[in-house]
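Notes for the structure review
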Amino acid sequence: IIELKERVKTLEDRLNKNSHNSSKPPSTDNFVKPKTQRQKSGRSVGGQKGHPGRTLKMVDDPNYTIIHQVSVCKKCGHSLKEIQADSYERRQVFDLPPIKVEVTEHQAESKICPYCGCLNKATFSKEAQQPVQYGPRLRSIGIYLNQYQLLPYERISELFADLFGHQLSEATLVNTNKTFYEILEPVEEKIKQEVIASAAIHFDETGLYIEGKREWLHVASTEILTFYAAHPKRGHEATDEIGILPKFQGTAVHDFWKPYFRYLCQHALCNAHHLRELTFILEQDKQEWPKEMIDLLLKIKEDVEKKKAIANQLEPLQIKSFEEEYDQIIQKGLAENPPLITFNQPKKRGRKKQSKAKNLLDRLKKYRQETLAFMYDFSVPFDNNQAERDIRMMKVQQKISGTFRSSQGAKSFCRIRGYISTVRKNFLSVIDAIQSAFEGNPFIPTCRDP
């Protein structure tokens, strides 16, 4: 009976998991929307006081001015064409003019020297190396739409025809991506080295389909840098080949994927994952200790955020108090979750089966330093949400296309998207940064501590 109850509980736990209390994505939630973990801020909806806002405002120097004249008096019918206006009421309309592709012809002079008869030809500029070619702005828009806005080649071709009156072939877009991928090779290496030099790095991985086969997308990122890599493996073989973790000396922030612990850097565990797991145990097992641990972690986070404004660490007595409370909650949880009882079952190899609550308690106890790393070092974040945000749009791409048709396509997407993500994090225009790269002046990030 005990074994059957445990089996029923396991099945119920699996059924009741959602994005609110586990790592499952929101797309897998049932029709009932789960509660959110976000706390009420107490602020009203909309823009807050002091926010600059983006209300459309009149400009002092419009491009064009249209005068609407008064021709006759509406009362007596007398002509007013020759009467000077007393004042004007102004209204302005913001719109886009029709956009069309412009063609610039480059002509290189040829001159024969009258003294020696030598034929001299002028050199064409960098943007006119072929008899006919597209300029950097047009190619940048193609990259922007495909790699950033995730539009398929066919729809981009249709968009160019509708907006610009020019039919851009899909083959041209493919070749443009290939060229841009090659241009960004030194930039990607620079981003990689800057990531390695950072104090803390967010790591994560997710499934990626290439030629119909499941592979893995790996991300290593900070607040201002993003590096992506596609690899057939998920574990240490991939991270060794990518080459960031073997050289990294700072703090690796992740969600307890065991292969990360092979590396000798410092480690910090994602507390957003812990909060979801604690919420699940609180809802399913109706135990008290998960709520106490949730409150403690959030309290430490709040105190750290306040202290950051005036200092770079908490007071030693405050740290000791938090540690003691943390240990007390763990002991209380262990008392409520003894090992599972089994009868007349043959011994099995590997770890002994435990409840989810017991597994989480063991982890929190063994990895207290890594769980509370954000409390000891203010440069370490509370969670690994940065990596999850950086992965989110990659998952959107997979939902749109389903798979990459080639390994090279996946590599191109990772390199280009890593550059775009880094540009966005540094508050630069994506399309301008793409054009600058085509013109030989790509954005090169400079490492700084977050």
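Residues numbered from 1 in each chain as written. Predicted model: local features only at pLDDT ≥ 70, side-chain atom pairs only at ≥ 80, totals over all residues. Heavy atoms only, no water.

**Quick look at the overall build of the protein**
Filter applied, for reference: A run of H or I in DSSP becomes a helix once it reaches four residues, and a run of E becomes a strand once it reaches two; helices and strands are each numbered from the N terminus. The rule is simple: take the accessible area with a 1.4 Å probe, protein chains only, and divide by the maximum for that residue type; under 20% is buried, over 50% is exposed, in between is partly exposed. Contacts are assigned to residue pairs with any non-hydrogen atoms lying within 4.5 Å of each other. Working definition of accessibility: Shrake-Rupley area with a 1.4 Å probe, residue cover restricted to the visible protein chains.
The number of helices and strands found in the protein is 15 helices and 7 strands. The 450 residues of the protein split such that 37% are buried. The contacts in the protein between residues at least 6 apart in sequence include a share of 63% that link residues at least 24 apart. Per element, the accessible surface of the protein, about 30200 Å² overall, is 52% carbon and sulfur.

**Description of helix H15 (residues 430–438)**
So the rule is basically this: Think of a polar contact as two N or O atoms within 3.5 Å of one another; within protein, one of them needs to be a possible hydrogen donor and the other a possible acceptor, and neighboring residues in sequence only count if both atoms come from side chains.
By the criterion of burial, H15 is predominantly enclosed, with 7 of the 9 residues buried. Taken together, the buried positions of H15 are Val 430, Ile 431, Ala 433, Ile 434, Gln 435, Ala 437 and Phe 438. On its buried face, H15 is in contact with helix H2 (136–148), helix H4 (170–183) and helix H14 (407–425). A side-chain oxygen of the first residue of H15 lies 3.3 Å from the backbone nitrogen of Asp 432; this N-cap is Ser 429.

**Some words on the packing of aromatic side chains**
For the record, the criterion: In summary, the pairing rule links any two rings of Phe, Tyr or Trp, Trp by its six-membered ring, whose centres are within 6.5 Å, and it sorts them by plane angle into stacked for under 30 degrees, edge-to-face for over 60 and tilted for everything else. We call a charge positioned over a ring when the NZ of a Lys or the CZ of an Arg lies within 6 Å of the ring centre and within 35 degrees of the ring normal.
Summed over the entire model, instances satisfying the criterion amount to 11 aromatic pairs. Where Phe 180 meets Phe 438, the ring centres are 4.9 Å apart and the plane angle is 35°; that geometry is what we call tilted. With a gap of 258 residues between them, Phe 180 in helix H4 and Phe 438 in helix H15 connect regions that are remote in the sequence. Ring centres of Phe 374 and Phe 382 lie 4.9 Å apart, and the angle between their planes is 85°; this geometry places the pair in the edge-to-face category. Under the relative-accessibility criterion, Phe 374 is labelled buried at 3%. The ring of Phe 256 has Arg 363 sitting right over it, with the charged end atom 4.9 Å from the ring centre. Over the aromatic face of Tyr 181 sits the side chain of Arg 415, whose NZ or CZ is 3.8 Å from the ring centroid.

**Some points on the sheet that holds strand E6 (residues 251–254)**
Inclusion rule: Note: two strands are recorded as paired if DSSP finds a minimum of 2 bridges between them. Every axis in this analysis is a line fitted to C-alpha atoms, fitted for helices over the stretch in contact. Angles between the N-to-C directions lie between 0 and 180 degrees.
Strand order across the open sheet formed by 5 strands is E5-E4-E3-E6-E7, with mixed pairing between neighbours. Edge strands, defined here as strands with exactly one partner in the open sheet, are strand E5 (226–231) and strand E7 (266–269). Across this sheet, the average inter-strand angle for adjacent strands is 25°, counted without regard to direction. Pairing of strand E4 (residues 213–221) with E5, which is carried by 6 bridges, proceeds in the antiparallel orientation. From the neighbouring strand, Ser 221 faces E5, where its bridge partner is Thr 226. Packed onto the sheet, helix H13 (residues 385–401) meets strand E3 (200–210), E4 and E5 and runs at close to 15° relative to E3.

**What about the state of the cysteines?**
For clarity, the cut-off: A pair of sulfur atoms, both from cysteines and within 2.5 Å, is called a disulfide here.
All told, the structure shown has 0 disulfides when counted by the stated rule. Free cysteine: Cys 76, not disulfide-bonded; nearest cysteine sulfur from Cys 73 at 3.7 Å.

**Topic: helix H10 (residues 356–366)**
Among the residues making up H10, those that are buried are Ala 357, Lys 358, Leu 360, Leu 361, Arg 363 and Leu 364. Elements in contact with the buried residues of H10: E7, helix H7 (271–285), helix H8 (289–308), helix H9 (316–336) and helix H11 (368–371).

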